[in-house]
Amino acid sequence: MSRLWVARLLICGLVLFALPVAHAARAAGVDALDLWDEPSASSPGAIRVVRVERAALGAAGYSGQARFFYRGLVLEPVIKHPLRRASPAADRLERSFVVVGGAASSWDAAAAEPAGEVIAGVETLAVLAPGAQHAFFGDLDGDATARPNDPLFLNQRSLIAAASDAAGDEVGVGVLSAWSINTGAHDNGDPVVIAVLDARVAEAHPELEGVLLEGYNAIEGGTDTNLGSDWHGTHISGLVAARANNFEGIAGISWGARVLPVRVVNDFGFGTAAWFADGLTWAADAGADVANISLGYPVGSSIMEDAITYAFDAGMVIVASSGNTPAAPVSFPAAYSPVIAVGATDAFGFLWPNTSVGPELDLVAPGVDIFSLFDSPANRLGYGTATGTSFAAPHVTGIVALMIAANPELTPAEIRGVLTSTGTVGPASASTLNDSYPRVDGLAAVAIAAASVSQPSGCEVDLNGDGMVDVFDVLLFLNLVDAGDPAVDLAPPEGVIDLFDVLVFLGLFGQPCSG
């Protein structure tokens, strides 16, 4: 066992000791949608997303109305609400429209090309064949003081099992002990807000009573996110924030948090990039701390990337599933750099063979036979298991919510750094292509977040000399411990880096600092 692993355990244990306890179908055999066929750009009625130059909008007298007539085309804005933050991404989003009417002769073959100029002042961002399934869900097939009293909690093996780097162990995300730090609410009682961009969320499920905030329906408009009969969004919402300690059902990973449901996919697994962009920007403007995106697109688009940039710049942590096609690259939006891309592992920490992998993949988490809420015609207001990267991503999202509650000062970049630096590397497996991706460790991540509340400059433990004592100093300390660097030999006996050095470091970290 490496010195780094020992140091992580020591810091986690000490944080747990020092901090007060803050707060006591598709499920099997259903194939993922095959979305990898290229649409025919010449198909009559193809869905087009365009961007109109600002000057052209002004010349035509556009002032934000629901529909806009321009050069024989009827355009509908992608973003249906006023954006609150001015930025280049916001400007591009405000000039993006879906073509909902117009003569087919207005377009030519150039419409198939990204950024192809078809009509003066109009840039084509995307062309999709009519009825194309161009979004998919990741659902192929498929002892602590904070232990809750929910009767079905024992079925949530991915939450009960600890993170581990030992071959053959059952592997989970280690949140039982993390709950002794917090359960997803800030010290003042305000909950962390998790946006769930998905299909319907069943507001009548008893495990979501008091959990759901008023959300947004990017498909039909308005606030009704309970339309349809799909169970996917309900399953995700339960996994991240179902009620706990209520003697009923299960426990959400961040059960002190609240869910902001955003409907961007319909009952048929269909969702446009325009719906996604509208939903994500709305969630960012509504103040969501973290977004869970358990869906994906085979290709990216400007409108999607602009929405990701807008949300990230607003301070939102964005978590997305990587996809369920092993021969395909990481899907979008997970492939975008601001997004934390999550793949799936089985109960023993091995990479799930259908996980889409690539250099964009940041973390892996349990995603096989994950137990959570259900609400479908065959399983009304019930419970069930599901498999796929869709159900790995919420494990990371829930842990992010716990981290934000423990230390609201953390930036999205710092949170990614903590998650990837504290993750364990799984055992080698002949059945998978790559098992080297970090497996999320909830206890380590939340403990580091809690121990990393910034202090004023001038502290002895400002190891990187940036004038601020923060999470990066903790991570640097762990790396120096692993390297056996004498710079972290802070206590006798000299020449040995052990528990006493960790104790001295944590003691200095928590002391007030001089100017």
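Each chain has its residues counted from 1, running along the sequence as written. Thresholds applied to this predicted model are a pLDDT of at least 70 for local features of residues and 80 or more for the giving and counting of side-chain atom pairs; totals over whole chains, interfaces and linings are not thresholded and use all residues. The basis for every side-chain value is the complete set of non-hydrogen atoms in the structure, without hydrogens or water.

Helix numbers and strand numbers start at the N terminus; a helix is a DSSP run of H or I with at least 4 residues, a strand a run of E with at least 2. What the protein chain contains, in helices and strands, is 13 helices and 19 strands. Partly exposed residues are those whose accessible area sits between 20% and 50% of the maximum for their type, while under 20% is buried and over 50% is exposed, using a 1.4 Å probe and protein chains only. Here the protein chain, with 515 residues, has 57% of them falling under the buried criterion. Of the roughly 19300 Å² that the protein chain leaves accessible, carbon and sulfur atoms contribute 56%. Areas reported here follow the Shrake-Rupley algorithm with a probe of radius 1.4 Å; residue values treat only the protein chains shown as occluding.

The subject of this paragraph is the pairing of strand S11 (residues 290–293). Residues of S11 alternate between two faces, with Val290 and Asn292 on one and Ala291 and Ile293 on the opposite face, all of them buried. Bridge count for strand S8 (residues 193–198) against S11 is four bridges, and the pairing is parallel. Residue pairing across strands places Ile194 opposite Val290, the latter belonging to S11. With four bridges joining them, S11 and strand S13 (residues 317–321) adopt parallel strand pairing. In the sheet register, Ile293 faces S13, and the bridge partner there is Ala320. When DSSP locates at least two bridges between a pair of strands, those strands are taken to pair.

To get an axis, a line is fitted to the C-alpha atoms, and for a helix only the part in contact is used. The angle between two axes follows their N-to-C directions and goes from 0 to 180 degrees. At a minimum axis separation of 8 Å, helix H9 (residues 393–406) and helix H11 (residues 442–451) run at an interaxial angle of 20 degrees. Here H9 is positioned roughly parallel relative to H11, judged by the angle of their axes. As H9 packs across H11, the resulting crossing turns out to be right-handed. Between H9, through Ile399, Leu402, Met403 and Ala406, and H11, the contact on the second element is made entirely by Gly442, Ala445, Val446, Ala449 and Ala450. Only Asp, Glu, Lys and Arg are considered charged, only Ala, Val, Leu, Ile, Met, Phe, Trp, Tyr, Cys and Pro nonpolar, and every remaining residue, Gly among them, polar. For the contact of H9 with H11, the class distribution of residues is eight nonpolar, one polar and no charged. An angle counts as roughly parallel when it lies under 35 degrees, as roughly antiparallel when it exceeds 145, as roughly perpendicular when it falls between 65 and 115, and as oblique in every other case. In this scheme, a crossing is called left-handed if the near helix is turned counterclockwise away from the far one by less than a right angle; it is called right-handed if the turn is clockwise. Two residues form a contact once any of their heavy atoms are found within 4.5 Å.

Turning our eyes to something else, we now look at the pairing of strand S10 (residues 258–263). Moving residue by residue along a regular strand, the side chains alternate between the two faces of the sheet. For S10, the buried fraction is high: five of the six residues fall into the buried class. Pairing analysis gives six bridges linking S8 to S10, with the strands arranged parallel. In the strand pairing of S10, Leu197 is matched with Val262. One ladder, built from two bridges, connects strand S9 (residues 216–217) with S10; its direction is parallel. Bridge pairing in S10 places Asn217 opposite Arg263.

Moving on to the pattern of salt bridges. We count a salt bridge whenever a side-chain nitrogen from Lys or Arg sits within 4 Å of a carboxyl oxygen from Asp or Glu. Throughout the structure, instances matching the rule amount to 13 salt bridges. Here Glu94 makes a salt bridge to Arg54, at a shortest N to O gap of 3.5 Å. Taken together, the residues span a long stretch of sequence, with Glu94 in helix H3 (residues 88–94) and Arg54 in helix H2 (residues 54–59) at a distance of 40 residues. Judged by its relative accessible area of 39%, Arg54 is partly exposed. Two residues, Arg416 and Asp362, come together in a salt bridge whose shortest N-O distance is 2.9 Å. In this pair, Arg416 is assigned in helix H10 (residues 412–422) and Asp362 in strand S15 (residues 361–366), connecting sequence segments 54 residues apart. Each of the two residues, Arg416 as well as Asp362, counts as buried.

Moving on, we get to the nonpolar core. In terms of nonpolar packing, the biggest core is built from 75 residues, with Trp179, Val319, Val396, Ile399, Val400, Met403 and Leu419 touching the most fellow members. By residue number, the principal contributor to this core is H9, which donates 10 residues. In terms of nonpolar packing, the next biggest core, distinct from the first, is built from 55 residues, Ala90, Leu93, Ala218 and Val364 among them. To define a nonpolar core, start from buried Ala, Val, Leu, Ile, Met, Phe, Trp, Tyr and Cys residues and group those joined through side-chain atoms within 4.5 Å.

Here we come to unusual backbone geometry. Cis geometry marks the peptide bond from Phe332 to Pro333, where omega comes out at 10 degrees. Within the element layout of this structure, Pro333 appears in the loop between S13 and strand S14 (339–345). Of note, Asn245 is a non-glycine position whose phi angle comes to about 55 degrees, a positive value. Position of Asn245 relative to the elements: it lies in the loop between helix H6 (232–241) and S10. Given a relative accessible area of 30%, Asn245 falls into the partly exposed group. One non-glycine residue, Phe247, lies in positive phi territory at about 55 degrees. By secondary structure assignment, the location of Phe247 is in the loop between H6 and S10.

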